[in-house]
Amino acid sequence: MPPSRLKRLGYDDLAILEREDDLGGTWHVNRYPGLAVDIPSSTYSYSFEPNPHWSRLFAPGSELKAYAVHVADKYDLRRHMRFDTVVQGARWDEESSTWVVTLEGGETVAGRFLLTATGFLSQPKAARHRGHRGLRGHGRAHHPLGRRHRVWRASGSASSAPARRPCRLIPEAGQGGRPPDRLPAHTDLRQPEDGRQGARRRARRVREGAADPEGHPPGRYVDPRAPHGRRSAALPRPPGGQPDRQAGVRGAPQAPGEGPRAAGEASWPDYDFGCKRPTFSNTYFPTFTKDHVDLETTTISHVDANGIVTEDGRRADLDVLVLATGFNLWDTNFPAIEIIGREGRDLGKWWRETRFSAYEGIAVPKFPNFFSLNSPYSYSGLSYFTTIETQMAHMDRLLKAMNKKGSSIFEVTEEANTEFLDRMTGLLGNSVFNAGQCSTARSYYFNQHGEAVLLRPTSTLSAHREAVSFPLEDYAFSNA
Ligand SMILES: Cc1cc2nc3c(=O)[nH]c(=O)nc-3n(C[C@H](O)[C@H](O)[C@H](O)COP(=O)(O)OP(=O)(O)OC[C@H]3O[C@@H](n4cnc5c(N)ncnc54)[C@H](O)[C@@H]3O)c2cc1C
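Definitions and limits used
Counting restarts for each chain, with residues numbered from 1 along the sequence as it is written. A pLDDT threshold of at least 70 governs which residues receive local features in this predicted model, and a stricter bar of 80 or more applies before side-chain atom pairs are shown or counted, although totals over entire chains, interfaces and linings include all residues. As a rule here, side-chain values cover all heavy atoms of the structure and leave hydrogens and water aside. The near set for a molecule or strand comprises every residue that places at least one heavy atom within 4 Å of it. Two N or O atoms count as a polar contact when they lie within 3.5 Å, although within protein this holds only if one can serve as hydrogen donor and the other as acceptor, and sequence-adjacent residues are included solely when both atoms are side-chain atoms. For every accessible area listed, the method is Shrake-Rupley and the probe measures 1.4 Å; residues are considered covered only by the protein chains on display. Residues are sorted three ways: Asp, Glu, Lys and Arg are charged, Ala, Val, Leu, Ile, Met, Phe, Trp, Tyr, Cys and Pro are nonpolar, and all the rest, Gly among them, are polar. A run of H or I in DSSP becomes a helix once it reaches four residues, and a run of E becomes a strand once it reaches two; helices and strands are each numbered from the N terminus. The span expected for a helix works out to 1.5 Å for each residue beyond the first. Residue exposure (1.4 Å probe, protein chains only): buried if accessible area is under 20% of the type maximum, exposed if over 50%, otherwise partly exposed. Pairs of strands are assigned from DSSP output, requiring at least two bridges between the strands. Helix axes are fitted only over the stretch in contact, all axes being lines through C-alpha atoms; the angle between N-to-C directions runs from 0 to 180 degrees. By disulfide we mean two sulfur atoms from cysteines, separated by a distance within 2.5 Å. Only Phe, Tyr and Trp rings take part, Trp by its six-membered ring, and two of them pair if their centres are within 6.5 Å. Stacked means planes under 30 degrees apart, edge-to-face means over 60, and tilted covers everything else. As used in this record, nonpolar core signifies buried Ala, Val, Leu, Ile, Met, Phe, Trp, Tyr and Cys residues forming a set joined through side-chain atoms within 4.5 Å. Any two residues whose heavy atoms approach within 4.5 Å at even a single point are treated as in contact. Oblique is the label for every angle not falling under 35 degrees (roughly parallel), over 145 degrees (roughly antiparallel), or within 65 to 115 degrees (roughly perpendicular). Two helices cross in a left-handed way if the nearer one is turned anticlockwise from the farther one by less than a right angle. They cross in a right-handed way if the turn is clockwise. One side-chain nitrogen of Lys or Arg within 4 Å of one carboxyl oxygen of Asp or Glu is enough to make a salt bridge. The predictor attaches a confidence to each residue, called pLDDT, with possible values from 0 through 100.

In this section: the site of the ligand. Residues in close proximity to the ligand total 32 residues, the closest being Glu18, Thr26, Asp38, Tyr44 and Tyr384. Take Tyr44: an N or O atom from its side chain is 2.6 Å from an oxygen atom of the ligand. Taken by itself the ligand offers 970 Å² of open surface, and the protein chains cover 90% of this. For the shell around the ligand, the class distribution of residues is 16 nonpolar, 11 polar and five charged.

Here you go:
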C-alpha cells in the first residue's frame, strides 16, 4: 500500500513486481480451509480504508483477499502491477544513481527508488524429508479435502487459525517434535449487523473527510509488548525471581489432562509464553481426541509415491500429505532477493556477517533510496497494518524533507543506524526473548545469531511517534 502514499507525494511512475498471478500476497497464496486472521479484523485494515464488511471478528482469508483487491482497485494500483514476475536481485548503480532490478529470465528494470515488500512469511520452508516431491500428484492445492481422504499433516503449530477441520492423522513436524504454542480460549463471533452498521458509518465519515483518515480506531494501538513482545515485563515477576511462565495460559480450557492427555503430554510447551506468536483456538487440542486422529511424533524418514515412512520403519499409505512446515525467515528471506548497495555491500551477507539492523525498521546505510519494509525491528504491532502505516509515515516525512531540500538521494547514516540498533538491543534486554526460556521454542522470531530482532520492542504508539518526528539529520541527502 505504500504505492498509494507515493502517488500522493507525486510519484506515479511505479512498477510493482509480483511473482504470483494475482495480488493479495499472503491472502492470495494461502487458501487452506479455516484460514483466518488471528487478530480482530477491525485492526487488520488501513485506518484510511476501514472495511465495514467483515463478517466475523476474525475474518476468513477470502475476505482479506477481497479487501486487498478492493484497496488496489480503489487506489488504481493494478495498472502498475506485473504478475508472474520473479525478482532475482537489485543493484545500486552509482553512475546513474538508480536501482537496477533483475528479473528471472534476465530482463532488467531501472528506477530511482527501490522498495522491497516481500513479506516476512512468504518464502516457504522446504520440507526436509527425502522424496516428498515424489508423492503422486505433488503440487500446490487450495481445495478442501474430502472426508474420506487419508491425510497426514506434517506441521508446526504457529499458523493463524489452526485447522478447524480435523485431518485424519496429524503428525507433529516430524523433525524431532516441535511443540505447539499455547492456545488460550478463542472467541470468534459473527459480526452483528449493528456492529457492521457502526463500521459503515465510520467508513463513510472517513470517505467524506469528516473523520481523520489516519485516526486509528480503538484497539489499534495496543502494546505488542504485552501479549508477545516484552512479555517478561508484563508477566508477574517476584523481585529477583523468574516470570510466571503459565500466566499466559491460565484459564485456558484445554490444558493437558483435561481431555487430550496423550497429545497434550507430547505437545504441551516447555518454553515461556511469548517466545512465539500465540495462536488461539478452541478446537486444536480437542482435535487430538477424535477417533480418526492420531498424533505421530516420530520423525518422517522419507516420502515415496504412496505415502510416508517414519524413522522407526513404519509406513503409512495416504492420499494427501499436507506440508504445513511454515516459512523460512532467516535463510532465504531477509532479504528475499540479492540486494547490492554502495561499495558492493550485499545486504544479506552484511546482515549475516555483522548483525541484522535497519534504522527505524526501514532504512539501511549504504543503500540509498531504499526502503526495506520487511526488516529487523520493523514489526511494531499485533496487526501488520500498524507496522505498514508506521513505515508509510516514515517514508512520508523523509521524502517530503528530501524534496524540500531539492535533493534526489537519501541514505541513512551509519551512526544513526548503530544508535538505533543499540537502543533496540538494550530494550530487548528484559524481554522474554532474553530473560525467558525460549531455547526449545523454535520460534521464527529468532535469527541464526540467536537474536529476536523481528519485533520492535517499543509500543506501536511510540513507533508511530518516531516515524513522524525522527531527526532528519539521521539521513544524508545528496543529488545525482
Ligand atoms: C497464514 C498466515 C496468517 C497470518 N495472519 C496474520 C494476522 O492475523 N495478523 C497479522 O498481522 N499478520 C498475519 N500474517 C502475516 C502476514 O503475512 C502479514 O500480515 C501481511 O500479509 C504481510 O503483507 P506483505 O504484503 O508485507 O507480505 P506478503 O503478503 O507476504 O506479500 C509478499 C509478496 O511478495 C512477493 N514476493 C516475494 N518474493 C518475491 C520475489 N522474489 N519476486 C517477486 N515477488 C516476490 C510474494 O509473492 C508476495 O505476494 C499471516 C501470515 C500467514 C502466512
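The terminal C-alpha atoms of helix α3 (residues 61-74) lie 20 Å apart, and with 14 residues this matches the ideal 20 Å at 1.5 Å per residue to within 8%. Within the span of α3, buried status applies to Gly61, Glu63, Leu64, Lys65, Tyr67, Val71 and Ala72. The positive-phi residue at the C-terminal boundary of α3 is Asp76, with phi of around 55°.

The next thing to look at is the sheet that holds strand β5 (residues 108-111). One open sheet accounts for four strands, arranged β5-β4-β3-β12; its pairing is mixed. Sheet topology places β5 and β12 (338-340) at the edges, where each strand pairs with a single neighbour. Between one strand axis and the next, the sheet turns through 15° on average, direction left out of account.

Let us now look at the state of the cysteines. On inspection of all chains with the given rule, the structure shows one disulfide. Two residues, Cys275 and Cys438, share a disulfide whose sulfurs are 2.1 Å apart. The S-S bond linking Cys275 to Cys438 shows a torsion near -85°; that makes this disulfide left-handed. One end of the pair, Cys275, is in the loop between α6 (261-267) and α7 (284-287); the other, Cys438, is in the loop between α11 (432-435) and α12 (460-467), with 163 residues separating them in the sequence. The same class applies to Cys275 and to Cys438, which are both buried.

Next up on the list: the packing of aromatic side chains. Counted by the stated rule, this structure contains 33 aromatic pairs. Between Trp330 and Phe334, the aromatic rings sit 4.5 Å apart at their centres with planes inclined by 25°, giving stacked as the arrangement. Phe334 sits in the buried class, given a relative accessible area of 2%.

In space, the three strands of this open sheet follow the order β8-β9-β10, with antiparallel pairing throughout. Looking at which strands have only one partner, the edges of the open sheet turn out to be β8 (300-303) and β10 (315-317). Across the sheet, the mean angle separating the axes of adjacent strands is 20° when strand polarity is ignored.

Grouped together as the largest cluster of nonpolar side chains are 73 residues, with contacts concentrated most on Phe433 and Tyr475. Looking at this core element by element, the count peaks at seven residues for helix α9 (residues 384-404). What Tyr475 contacts, discounting residues up to four positions off in sequence, is Tyr359, Ile362, Ala363, His394, Leu398, Phe410, Glu411, Val412, Thr413 and Phe470. Ile300, Ile308, Ala316 and Leu318 belong to the second largest nonpolar core, which has six residues in total.

Attention now goes to the packing of α9 against α12. Following both chains from N to C, one finds α9 and α12 inclined at 15°, their axes separated by 8 Å at the closest point. Comparing the axis directions of α9 and α12 gives the class roughly parallel. Read as a crossing pair, α9 and α12 show a hand that is left-handed. For the pair α9 and α12, contact is made by Thr386, Glu389, Thr390, Ala393, His394 and Arg397 and by Thr460, Ala463, His464 and Ala467, respectively. Classifying every residue of the contact of α9 with α12 gives three nonpolar, five polar and two charged.

With respect to the helices and strands, the residue Gly381 is situated in the loop between β13 (370-372) and α9. Residues Gly381 and Thr460, 79 residues apart in the sequence, show an inter-C-alpha distance of 5.6 Å.

Next up on the list: the pairing of strand β4 (residues 98-103). Two elements, strand β3 (residues 87-93) and β4, share six bridges in a ladder whose sense is antiparallel. Along β4, the bridge assignment pairs Arg91 with Val100. Once β3 ends, the chain turns through four residues before running back antiparallel as β4, passing Ser97 with a positive phi of about 50°. Pairing of β4 with β5, which is carried by four bridges, proceeds in the antiparallel orientation. Note on β5: the bridge partner recorded for Thr102 is Thr108. Counting the residues between successive antiparallel strands, the hairpin from β4 to β5 contains four residues, one of them, Gly105, with a positive phi of roughly 105°.

Opposite charge on two side chains lets them pair, provided their charged atoms get close. Taken as a whole, this structure holds 23 salt bridges when the rule is applied. Connected through shared salt-bridge partners, Glu360, Glu419, Arg423, Arg456 and Glu466 make up one network.

Let's shift gears to the confidence of the model for the chain. On average, the chain scores 79 in pLDDT, and the residues at 70 or more come to 70%. Overall, residues 157-180 carries pLDDT values under 50, and its contacts beyond four positions in sequence, including any with other chains, amount to 104 contacts. Overall, residues 212-224 carries pLDDT values under 50, and its contacts beyond four positions in sequence, including any with other chains, amount to 38 contacts.

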